[in-house]
Amino acid sequence: MSNLQEQLIALGGVFQAAVLVDRIARTGQASEANIGCMLGSLLVVDPKNTLEVFGGDDLNLRDGYRALVGALERDPSSLQREPLRYALSMLGLERQLNKRGDMLDTIGNRLPQIQSQAEHFGLVHENVIASSGALYQDTLSTLRQRIQVHGDMRFLQQPSNASKIRALLLAGIRAARLWRQLGGHRWQLVFSRRKLLNELYGMTRTND
């Protein structure tokens, strides 16, 4: 697997989280399997490759890849505006997080507790989701830049949905961190669009 493919998998993870946040905000629904995959990505400590972070299967990121393709193609018919905004905001928040060693330490210290909960209850148990959401709220949501989530207030005001959204944002920012560690840079999204798209077309074609 090339380095560019590894980068695109991590970026697909950012967009997957963004799509799920948008879906919960608008409809109050997202599949447990998709949520579990993203929550699980927070707890993978020593992966053999980037895909292993997301359950070892590109299909787990299918919606994220589609949203990423739509963003890179700049086609109004396929562009998902809110997921794109969330994804770009997560990339920006990750850059702020990178300058905050204290916050990185807090996240690193609390993830093992979430891991223990996940082993005991299961990845998508409300306790695991609540702990992941609380970790986001105690750390990243205190930064100057905030992610404003838009949707149906009936769903946004439900505590369980609010926790899911925060947990997914945390997972998306973890994916953004992975993307940058692999050499990903925001300028690529502007100046290397065609190259990224050609690679993505090949990756998604094998999954259809």
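Every residue gets a number counted from 1 within its own chain, in the order that chain's sequence is written. For this predicted model, a pLDDT threshold of at least 70 governs which residues receive local features, and a threshold of 80 or more governs which side-chain atom pairs are given and counted, while totals over whole chains, interfaces and linings are taken from all residues. Calculation of side-chain values draws on the structure's entire complement of heavy atoms; hydrogens and water are dropped beforehand.

- Looking at an unreviewed UniProt entry, one finds the chain named High frequency lysogenization protein HflD homolog and attributed to Pseudomonas muyukensis.
- UniProt positions are given in the numbering used here, feature names are shortened, and annotations may be inferred rather than shown by experiment. Quoted verbatim from the Sequence similarities (unreviewed entry) heading of the UniProt record, the comment on the chain is "Belongs to the HflD family."

## A word on the overall build of the chain
And then number 1: Helix and strand content of the chain: eleven helices and zero strands.
And then number 2: Secondary structure elements of the chain occur, N-terminal to C-terminal, as α-α-α-α-α-α-α-α-α-α-α.
And then number 3: We compute the radius of gyration from the C-alpha atoms alone; for a globule the expected value is 2.2 Å times N to the 0.38, where N is the number of residues. Radius of gyration (C-alpha) of the chain: 16 Å, near the 17 Å computed for a compact globule of 208 residues.
And then number 4: For the chain, the proportion of its 208 residues judged to be buried stands at 49%. Put simply, DSSP marks the helices as runs of H or I at least four residues long and the strands as runs of E at least two long, and each gets a number from the N terminus on. Only protein chains enter the area calculation, which uses a 1.4 Å probe; residues under 20% of their type maximum are buried, those over 50% are exposed, and those in between are partly exposed.

## Quick word on the packing of aromatic side chains
And then number 1: Any two of the Phe, Tyr and Trp rings considered here, Trp counted by its six-membered ring, make a pair once their centres fall within 6.5 Å; the pair's planes then place it as stacked at under 30 degrees, edge-to-face at over 60, or tilted in between. Enumeration according to the criterion identifies one aromatic pair in this entry.
And then number 2: With 5.4 Å between their ring centres and 25° between their planes, Trp187 and Phe191 make a pair best called stacked.

## Some words on the pattern of salt bridges
A pair can form between side chains of opposite charge whenever their charged atoms are brought close.
And then number 1: The working definition used for a salt bridge is a side-chain nitrogen of Lys or Arg within 4 Å of a carboxyl oxygen of Asp or Glu. A full pass over the atoms with the stated rule returns ten salt bridges.
And then number 2: The partner of Asp22 in a salt bridge is Arg26, with the nearest N and O atoms 3.0 Å apart. One end of the pair is Asp22 and the other is Arg26, both in helix α1 (residues 3–27) and four residues apart, which spans about a single turn.
And then number 3: On the basis of relative accessible area, Asp22 is assigned to the buried category, the value being 7%.
And then number 4: We classify Arg26 as partly exposed; its relative accessible area is 47%.

## Let's talk about a nonpolar patch on the surface
And then number 1: The residues that make up patches have over 30% relative accessible area and no salt bridge, and they are joined within 9 Å when like-charged or within 5 Å when they are Val, Leu, Ile, Met, Phe, Trp or Tyr. Here the Shrake-Rupley method, with its probe set to 1.4 Å, supplies the accessible areas, and only the displayed protein chains count as covering residues. Nonpolar side chains collect at one region of the surface, where Trp187, Val190 and Phe191 lie side by side and expose about 380 Å² of accessible area between them.
And then number 2: Here Phe191 lies in helix α10 (residues 188–191).
And then number 3: Relative accessible area serves as the criterion here: at 65%, Phe191 is assigned to the exposed category.

## Some remarks on helix α2 (residues 32–41)
And then number 1: Where burial is concerned, most of α2 is hidden: eight out of the ten residues are buried.
And then number 2: Buried within α2 are the following residues: Asn34, Ile35, Gly36, Cys37, Met38, Leu39, Gly40 and Ser41.
And then number 3: The contact criterion used is simple: two residues touch if any of their non-hydrogen atoms lie within 4.5 Å. The inward-facing, buried residues of α2 abut α1, α3 (50–53), α4 (62–73), α7 (126–138) and α9 (159–181).

## Brief notes about a positive patch on the surface
And then number 1: By the counting scheme adopted, Arg and Lys are positive, Glu and Asp are negative, and His together with the chain ends is not counted. Where a charge lies is defined by one atom per residue type, namely NZ (Lys), CZ (Arg), CG (Asp) and CD (Glu). Among the surface-exposed residues, Arg95, Lys99, Arg144 and Arg186 lie close enough to one another that they form a single positively charged patch.
And then number 2: Mapping Arg95 onto the fold places it in helix α5 (residues 81–97).

## Here we look at the nonpolar core
And then number 1: What is meant by a nonpolar core is a set of buried Ala, Val, Leu, Ile, Met, Phe, Trp, Tyr and Cys residues, joined one to another through side-chain atoms within 4.5 Å. Counting residues in each nonpolar core, the largest one holds 66 residues, and the members touching the most others are Phe54, Met90, Tyr136, Leu140, Ile147, Val149 and Ile165.
And then number 2: The greatest single-element share of this core, amounting to 14 residues, is contributed by α1.
And then number 3: Once you skip the residues sitting within four places of it in the chain, Leu140 turns out to touch Leu93, Leu97, Met103, Ile107, Gln145, Leu170 and Ile173.

## Some remarks on the environment of Ser131
And then number 1: Summarising the element assignment, Ser131 is placed in helix α7.
And then number 2: Residues Ser131 and Gln117 lie 14 residues apart in sequence; the distance between their C-alpha atoms is 8.8 Å.
And then number 3: Apart from the residues lying within four places of it in its own chain, the contact partners of Ser131 are Ile114 and Gln117.
And then number 4: N or O atoms within 3.5 Å of each other form a polar contact, as long as, within protein, one can give a hydrogen and the other can take it, and as long as residues adjacent in sequence are counted only when both atoms are side-chain atoms. A polar contact is formed between the side chain of Ser131 and the side chain of Gln117, at a distance of 2.7 Å.

## Comments concerning the packing of α1 against α4
And then number 1: Interaxial distance between α1 and α4 falls to 7 Å at its minimum, and their mutual angle equals 100°. In terms of axis orientation, α1 runs roughly perpendicular to α4. Residue-level contacts link Leu8, Ile9, Leu11, Gly12, Phe15, Gln16, Val19 and Arg23 of α1 to Arg62, Asp63, Gly64, Tyr65, Ala67, Leu68 and Ala71 of α4.
And then number 2: Among the residues forming the contact of α1 with α4, the class breakdown is nine nonpolar, three polar and three charged. Helix axes are fitted only over the stretch in contact, all axes being lines through C-alpha atoms; the angle between N-to-C directions runs from 0 to 180 degrees. To sort the angles, those under 35 degrees are grouped as roughly parallel, those over 145 as roughly antiparallel, those from 65 to 115 as roughly perpendicular, and the leftovers as oblique. Under the grouping applied here, Gly and all other residues not named as nonpolar or charged are polar, the nonpolar ones being Ala, Val, Leu, Ile, Met, Phe, Trp, Tyr, Cys and Pro and the charged ones Asp, Glu, Lys and Arg.

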